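Tertiary structure, described
Chain by chain, the residues run as shown.
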Amino acid sequence: MCTFLGLMAKTNFTKVEQALEEGLRKMAISKLSDLADIAAGIGSSAGGENKKITATKRDLIKKIRLNLARLEKKDANIYQKLKVDKSRLEETFSDLKNLSDAEWKGLDDLKKTTDSLITEAFPPESDTSRIEKGRTLHKTKRFNVNDKWLPL
């Protein structure tokens, strides 16, 4: 009688355990993010469809803030060009729960105008110019030398 216990291969579960740990970490981060949004007054404690709507509205506010910050670095008078009062806009951002549908529509229009101004101010780089920049960069590139290091 032969036993196969000594001949069986041992199963290594480290990859599965790491994937499970990473998934649990992502779930914990998203839960903490939702709780922070609820505390800030952006999100709501209700789940379902209402949560999806608030997430899109939260993304809208983030995009507007990002666009305005980028445009303000390029042009300091961006608020005058957009005909928007900066302090009133910040008050609107701080009190998102009490905004009406018309105000949300206005914020959506503001996002569209800032998106168009971003594309005008920062035109996308063409593929050929990106390739030429890479060629000039890699002409004198040395192997295993970090770009941030100063030459000796």
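Sequence order as written defines residue numbering, which begins from 1 separately in each chain. A pLDDT threshold of at least 70 governs which residues receive local features in this predicted model, and a stricter bar of 80 or more applies before side-chain atom pairs are shown or counted, although totals over entire chains, interfaces and linings include all residues. Each side-chain value is worked out from all heavy atoms of the structure, with water and hydrogens disregarded.

What about a nonpolar patch on the surface?
Together, L20, L24 and M27 make up an exposed nonpolar region whose accessible area comes to about 330 Å². Structurally, L20 is set in helix α1 (residues 14-40). Think of a patch as exposed residues, more than 30% relative accessible area, with no salt bridge, where like charges cluster within 9 Å and nonpolar side chains (Val, Leu, Ile, Met, Phe, Trp, Tyr) cluster within 5 Å. For accessible areas, the Shrake-Rupley method is used with a probe of radius 1.4 Å. Any residue's cover is judged against the shown protein chains and nothing else. Any Lys or Arg side-chain nitrogen located within 4 Å of an Asp or Glu carboxyl oxygen qualifies as a salt bridge. Helix numbers and strand numbers start at the N terminus; a helix is a DSSP run of H or I with at least 4 residues, a strand a run of E with at least 2.

Examining the pattern of salt bridges
A complete count under the given rule lists 12 salt bridges for this structure. Here K81 ties to D75 by a salt bridge, and the two come within 2.4 Å at their closest N and O atoms. Partly exposed describes any residue whose relative accessible area lies between the buried limit of under 20% and the exposed limit of over 50%, with all areas from a 1.4 Å probe on protein chains only and scaled to the type maximum. Residue K81 is classed as exposed on the basis of its relative accessible area of 59%. R130 is the salt-bridge partner of D127, the closest N and O atoms lying 3.9 Å from each other.

Observations regarding the side chain of N67
The residue N67 is located in helix α2 (residues 49-74) in this model. On the basis of relative accessible area, N67 is assigned to the buried category, the value being 2%. Between N or O atoms, a polar contact is any pair within 3.5 Å; within protein, one atom must be a potential hydrogen donor and the other a potential acceptor, and residues adjacent in sequence are included only when both atoms are from side chains. Of note is the side chain of N67, whose polar atom sits 3.2 Å from the side chain of T114. Beyond its immediate stretch of four places on either side in the chain, N67 contacts K111, T114, D115 and I118. Here a residue-residue contact requires only that any non-hydrogen atoms of the pair lie within 4.5 Å.

Here's the deal with the nonpolar core
Here the nonpolar core consists of buried residues drawn from Ala, Val, Leu, Ile, Met, Phe, Trp, Tyr and Cys, with membership extended through side-chain atoms lying within 4.5 Å. The biggest cluster of nonpolar side chains holds 16 residues, and the ones touching the most others in it are I64, L89, W104 and L107. Within the residue set of this core, elements represented by two or more residues are α2, α3 (78-82), α4 (86-94) and α5 (101-121). Broken down by element, the residue count for this core peaks at five residues, all from α2. Residues within four places of W104 in sequence aside, it is in contact with K57, L60, I61, L96 and L99.

A closer look at the confidence of the model for the protein
What pLDDT expresses is the predictor's confidence in each residue, scored from 0 to 100. The pLDDT averaged across the protein works out to 83; a share of 86% of its residues lies at or above 70. Averaged pLDDT values over the elements of the protein bottom out at 82 in α2 and peak at 92 in α5. Contacts for the low-pLDDT stretch residues 46-52, under 50 throughout, to residues beyond four places or in other chains number three contacts.

Here we look at α1
The span expected for a helix works out to 1.5 Å for each residue beyond the first. The end-to-end C-alpha distance of α1 is 39 Å, a good match for the 39 Å that 27 residues give at a rise of 1.5 Å each. With its phi angle positive at about 90°, G41 sits one or two positions after the end of α1.

Brief notes about unusual backbone geometry
You will see that K83, though not glycine, has its phi angle at about 60°, which is positive. Here K83 is to be found in the loop between α3 and α4. Note on K83: relative accessible area 77%, which makes it exposed.

Some thoughts on α5
Here α5 spans 30 Å end to end across 21 residues, near enough to the 30 Å set by a 1.5 Å rise per residue. Burial in α5 covers these residues: W104, L107, L110, T114 and I118. One side of α5 carries all its buried residues, which in axial view fall inside an arc of 110°. Away from the buried face of α5 by more than 90 degrees, exposed residues D101, A102, T119 and E120 are located. Of all possible arcs, the one meant is that of the directions from the helix axis to the C-beta atoms.

Some details on the environment of K74
Looking at where K74 falls in the secondary structure, it is placed in helix α2. K74 sits 47 residues away from A121 along the chain, and the two C-alpha atoms are 7.8 Å apart. Apart from the residues within four sequence positions on either side, K74 is in contact with A121 and F122.

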